[in-house]
Structures are given as structure tokens and as C-alpha cells.
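Observations on chain architecture
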Amino acid sequence: MINVLIIWPPHVPSYFNAGHHTPMYSVAGHVRGLPHVQQVDVCEAGVLNMNWKAVGDLLYQGEYDVIAMMNDFDAIDGFARFTEYARALSPNTRLITFGRLSSMNPGFFRTYDLDAVVESGDYECGVASYLSARAEQPAEELPGGLPGVAVRTAEGWRGPSGTGAVLEPGAWTLPDVAEIPYAAYDRLYVRDEDKFCGIPFRRELVVPVARGCPIGCEFCEVPEIFGLRERRLSVDATVEYIERAYAAAPFEYVAFYAPTFTLNRRWVSELCGRFLAGPLSPRWKCATTVHHLDEELVGEMGAAGCVRVSVGLETLDEAGHEGLPRAKRIHRERFSRLAAWCDKAGVELNAFVIVGLPGTTVSGTKDTMAFARSLGARVRPTMYTPIHHLTADMSPGEVARYNRQLRTDPAPSPDDRDWHGFVFGPEDRPTTVYERVPRHAPQASR
């Protein structure tokens, strides 16, 4: 029987989206169902602000058989140090990593003192495959790679034996809300000037409803990791999960985690109908594209409790449209109509704007943000990040620049001050959307 620790090693988060953390808990729930797994612990060391002594205590006292380290674009600060602690304090433990960064730049992780890397497929499948192999051969070296998983052998790294498996929605294990550190999440969301995705002063339940996206934005990792075909939970499963979670803890709104929430219009209408009929009628938010919204749907969503919809505006500077999918080439008139629909429906419009998108200028980006704000939209700017430029031979510092906050090119530019000012400049209009969300329990204060 195997004891497992799933951990996000200590780091200082550059950005926080609770939805990006749900894979930890989905993986944990999935592998708990394996016959050879005895115990699974989960630890988000970064958001918990854990010190290295506490991490060392966990490693030394836990004596885990396998530690699965979650990775992301901005969370590799402590990777090397964590592996050193693990090797020193729990030398018989096997180390595997999974996450967005290893799926996009798997070779990079072969430079660390790890035993395996999940490179493709759903994370649950990769971790489960490795645990099953370790249960069959607990002491011996594995002879080679596994589906979607590279394995280190005595002769060196062996690539995956094939593409990683994926799960249909009915086989997903949704996060267990009893083990998620929501108090830490509340503190990270309380300052809206940080432009994180959550709503300040209200507790968020993330519901991961879909994986995959057919839009194909070149700056987005979703299609490459999860595929162009969308996989989506049923409305019944979605509602049942929210009901269970609300009965277990004092959540105040729902964040639907999906690359393009309104891609399946019929599904959204069915969900709205369920919320309107009650008894479950939560406040909620989602992210989608301008292309997949119209006045009727926005009105329906607002009536059913939607308080914020986030859209990829990207840029109104037409010089930057060439590198965008047609569905993302948004013009002022189209965005103005959407803003009016949202205002009428009582829904806050949140516009994602890409800073430094090829073809755009500082003045064009400034105009895009000013126009969106003139319509009452909340603007969340992030730096253009060509994730397909990631290579295995990059240093941790070079990889860390792909966190959507800094220019990936370290060479100085005369426009650096302006480009970075869009992301790090002051915000004088923090959101007040929390006023539309009834409060049920005390939260962190500002």
C-alpha cells in the first residue's frame, strides 16, 4: 500500500486563481480510489506561506512513498530546494511532477532530481499510472516510460510510452471542499488592486465544469494540454456538486472554471433554468469569449444569478488582430454592445487585455483599456506570453518570466516602463461587485 503527498512546493505566487489549484484536489480524489493507495495528503505550501522547517517536518514525519509535486508557470521558485529537502529527509520517496508547465515544457523538469514527469494527458491519469507502476515494483527501477509520463531510469530519462490518457467528465473526481484552505484563498483575493480573478470579501466555490477548447489562441495552453474538443460536466452533476459544497461550508458565490463557459449555449440555458427554478440559486461568475455571448444569453445569465462575466477582449488595436483567432478580433462597436447588455442585466463585465501583443503599441493598449473602462468594465491586463517559445534548456529564471507579468524577452526596451505600467500601475477603481453577493460568514478584512 502506498502513502502519497500531493504538494505545491513553497513559492511566492505571482498571481492567484483558485481554479488553477483545483487539479491538486481532483488528482487527490482520483488516486484515493486506486486499490493500492492507502493515504493521500494535500498541501498548498505556497498559499499557506509555509516555512521550510514546516515543510521539512512534513517530509520527515510523513515518510511518503510518492510525492506528486504540482507545477505551474510561476511556481518553480522552490522546486530545486524542495527536491533537496525531500532527498535528504525522505530518501526512499519517489518524486513525480504534474501541471501546466510540465505539459508545455516537459524537458525542463528532467533537469531536476525527479523520478517522473507527467508530460501529456489529464493529470490524474499520469499520476495514477505512475502510482500503479510503483505499487507493482516498489523497490525496483521502472524499465521505461508510461503513457504520458517520462520516467528516469539508471540509464537516464525514458520518454512516455505513448500519449497520456484523458477522462470523460463522468469519471472526474471533483475537489473535496473539506481539504481546501479557503481562509488562505480569502486573504489572497481581498485586495482587488492585485487584479486576481476572485471577488473580494466573499468566499468562492470553484466548480471545474469543462476541459479543452476549440478556439485555438496561440498564447493559451488549454488546447495543447486538454485538447480542442471540449469535455463538460452534466448540468445534474454540476448542480449536485454545488449543493453538496454549500451544505458543507459557507460559500457565497460560485466560480465556474471552464476555458469558454458559454461555448455550449444549451448547457448554459439549462443551468440557468435550474437556478431560476431553485431551490439552489447561487450568485456566480464565469469566463468566456465575446463571440459566444448575445443579449438574450447575457440577460438569462444575469437573471439566474451571474454577477461577473470575464471575456478575452485582448486588444481593440486592429494591428494586433492578425495573430488572433477570428472569434477574438473584437471591435469597439461589438464590445460596446456587450457592455450595454451586461449593464442592463446587472452583470459586471471583466475584460482581459493582453499587454505587448505582437502588432500592438503602447498607445493602442492604452486606448483599449481606456475604452473598456469608459464603458464601466473592469480591466485585467496580463503580459503577452509566447508559451510555445519555452525550451528545455532554459534556466528557472528564464522560465519564470512566462508568468504573464513580465516581458519574456529580458533585453531592455525603451517601452518597458509603459508596458509594465499596464500590469503593475495603480488601480483607482477596484471592483464593488461583492455588494451584489449576499454575505453569509465573516471574511478577511481589507
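See the structure shown above.
The residue numbering used here restarts from 1 in each chain and proceeds along that chain's sequence as written. Owing to the predicted nature of the model, reporting of local features is limited to residues with pLDDT of at least 70; listing and counting of side-chain atom pairs is limited to 80 or more, with chain, interface and lining totals taken over all residues. To get the side-chain values, take all heavy atoms of the structure and skip hydrogens and water.

**Description of the side chain of E204**
To qualify as a helix, a DSSP run of H or I must reach at least 4 residues; to qualify as a strand, a run of E must reach at least 2; elements of each kind are numbered from the N terminus. Of note, E204 is situated in strand β8 (residues 204-208). Separated by 3.4 Å, the side chains of E204 and Y189 make a polar contact. A polar side-chain atom of E204 sits 2.7 Å from a polar atom in the side chain of Y253. Any two residues whose heavy atoms approach within 4.5 Å are treated as being in contact. Those residues in contact with E204 that sit more than four places away from it in its chain are A18, Y182, Y189, G198, F251, Y253, A255 and K285. Here a polar contact is recorded for every N or O atom pair within 3.5 Å, except that within protein the pair must consist of a potential hydrogen donor and a potential acceptor, and residues adjacent in sequence are included only if both atoms are side-chain atoms.

**Section: the sheet that holds strand β14 (residues 348-355)**
What makes two strands pair is DSSP finding at least two bridges between them. Here 6 strands make up an open sheet; going across it, the order is β8-β11-β12-β13-β14-β15 and the pairing parallel. Each edge of the open sheet is held by one strand with a lone partner, namely β8 and β15 (378-383). Each strand of the sheet is rotated relative to its neighbour by a mean of 20°, with strand direction disregarded. Bridge analysis of β8 against strand β11 (residues 253-257) gives 5 bridges, and the strand direction is parallel. When the bridges of β11 are listed, L205 appears paired with V254. Throughout, an axis means a line fitted to C-alpha atoms (over the contacting stretch in the case of helices), and angles, computed between N-to-C directions, take values from 0 to 180 degrees.

**Looking at the pairing of strand β6 (residues 149-153)**
Most of β6 sits out of view: 4 of its 5 residues are buried. Looking at chain direction, β6 and strand β7 (residues 156-158) are connected through 3 bridges and run antiparallel. In the strand pairing of β7, R152 is matched with W157. Here β6 folds back onto β7 in antiparallel fashion, the turn holding 2 residues. Each residue is assigned to one of three classes by its accessible area relative to the maximum for its type, calculated with a 1.4 Å probe on protein chains only: buried under 20%, partly exposed between the two thresholds, exposed over 50%.

**Things to note about the packing of aromatic side chains**
Centres within 6.5 Å are what make two rings of Phe, Tyr or Trp a pair, Trp counting through its six-membered ring; a difference in plane orientation under 30 degrees is then read as stacked, over 60 as edge-to-face, and the rest as tilted. Evaluated as defined, the whole model comprises 22 aromatic pairs. Both rings, one in Y182 and one in Y185, keep their centres 5.8 Å apart while their planes meet at 80°; by these two values the pair is edge-to-face. Here Y185 and Y182 lie together in helix α6 (residues 182-189), a separation of 3 residues that amounts to about one turn. We note that Y182, like Y185, is buried. By way of ring pairs, the aromatic residues F16, Y182, Y185, Y189, Y246 and F251 are connected into one cluster. The positively charged end of R332 is found above the aromatic ring belonging to F371, 4.5 Å away from the centroid. We count a charge as sitting over a ring when the NZ of a lysine or the CZ of an arginine lies within 6 Å of the ring centre and within 35 degrees of the ring normal.

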